[in-house]
Amino acid sequence: MLGTLADIVGILSFILTIILLVRSERLRNEIVSQKIDYRNQQTKIVDRLTELRSCLQNNEPLSVKTISGIRLELYQCDISFQHILSSRDKKIVKQTINLLNEEFSEKLRKQLLSKLDYLCARFSKTEV
């Protein structure tokens, strides 16, 4: 009885090992792909975030188009680089997106500038 149970557990653990091996290889390939995409798009992302940040610095009233542009860029970064961004980076992206949903004020402008400054610096960093 125990021998049969041990055989079943051994077979299940072997199958689980194979499944985990396949999944980890798929995840590794996805990370490599995201790193390549990051290197190719890095300057575009930094330029776009800097351009949007300059709208905030010039004390211009933010249009719906500008807010949508910032939000779109952040969503794209969050989705495209989900495996290579740290948890802190993901948290700041989500905080920035949440700030964009609030009513616009001078305090909000300063918070957005702070978050965008960090994100511009983060996306200027080269990945290994």
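Above this text sits the structure in question.
The following refers to the structure shown. Please read these numbers as outputs of a predicted model, since none were measured by experiment.

This next bit is on the side chain of T96. Looking at the secondary structure, you find T96 in helix α3 (residues 87-100). Under the relative-accessibility criterion, T96 is labelled buried at 0%. Here I92 takes part through its backbone oxygen, which lies 2.7 Å from a polar atom of the side chain of T96. Residues contacting T96, with those up to four places away along its chain left out, are L74, L112, K115, L116 and L119.

A few words now on the nonpolar core. Within the largest apolar cluster, 27 residues are counted, with the highest numbers of intra-cluster contacts made by L49, L74, F81, L112, L119 and F123. When contributions to this core are tallied by element, the ones reaching two or more residues are α1 (2-57), α2 (64-80), α3 and α4 (106-124). When neighbours within four sequence positions are excluded, L74 is seen to be in contact with L49, V93, T96, I97, L100 and L119.

On to the packing of α1 against α4. Packing of α1 against α4 brings their axes to within 9 Å, and their N-to-C directions diverge by 160°. Judged on the interaxial angle alone, α4 and α1 are roughly antiparallel. Relative to α4, α1 is oriented so that their crossing is left-handed. Two secondary-structure elements touch here, α1 through Y38, Q42, I45, V46, L49, T50, R53, C55, L56 and Q57 and α4 through R109, L112, L113, L116, D117, L119, C120, R122, F123 and S124. Per-class residue counts for the contact of α1 with α4 are twelve nonpolar, four polar and four charged.

A word on the side chain of D78. As for its placement among the helices and strands, D78 is situated in helix α2. Side-chain polar atoms of D78 contact the side chain of K94, separated by 3.1 Å. In this structure D78 touches L85, K90, V93 and K94, once residues within four positions along its chain are discounted.

The rules behind each value
- Within any chain, residue numbers begin from 1 and follow the written order of that chain's sequence.
- Under the rules for a predicted model, residues below a pLDDT of 70 receive no local features and side-chain atom pairs below 80 are neither given nor counted, while totals for whole chains, interfaces and linings still include all residues.
- Only heavy atoms go into the side-chain values, all of them from the structure, while hydrogens and water stay out.
- Strands here are runs of E lasting at least two residues and helices are runs of H or I lasting at least four, both read from the DSSP assignment and numbered beginning at the N terminus.
- For every residue, the accessible area (1.4 Å probe, protein chains only) is compared with the maximum for its type, and the residue is labelled buried under 20%, exposed over 50%, or partly exposed between those bounds.
- Polar contact is the term for a pair of N or O atoms within 3.5 Å; when the atoms are in protein, one must be able to donate a hydrogen and the other to accept it, and sequence-neighboring residues count only if both atoms are side-chain atoms.
- The contact definition used throughout considers only heavy atoms, calling two residues in contact when any of these lie within 4.5 Å.
- The definition of a nonpolar core used throughout is a set of buried Ala, Val, Leu, Ile, Met, Phe, Trp, Tyr and Cys residues joined through side-chain atoms within 4.5 Å.
- Interaxial angles span 0 to 180 degrees and are taken between N-to-C directions of axes, which are lines fitted to C-alpha atoms, for helices over the stretch in contact.
- Angles below 35 degrees are treated as roughly parallel, those above 145 as roughly antiparallel, those between 65 and 115 as roughly perpendicular, and all remaining angles as oblique.
- Two helices that cross are described as forming a left-handed crossing if the nearer one is turned anticlockwise from the farther one by less than a right angle, and a right-handed crossing if clockwise.
- Residue polarity follows a fixed list, in which Ala, Val, Leu, Ile, Met, Phe, Trp, Tyr, Cys and Pro are nonpolar, Asp, Glu, Lys and Arg are charged, and the others, Gly among them, are polar.

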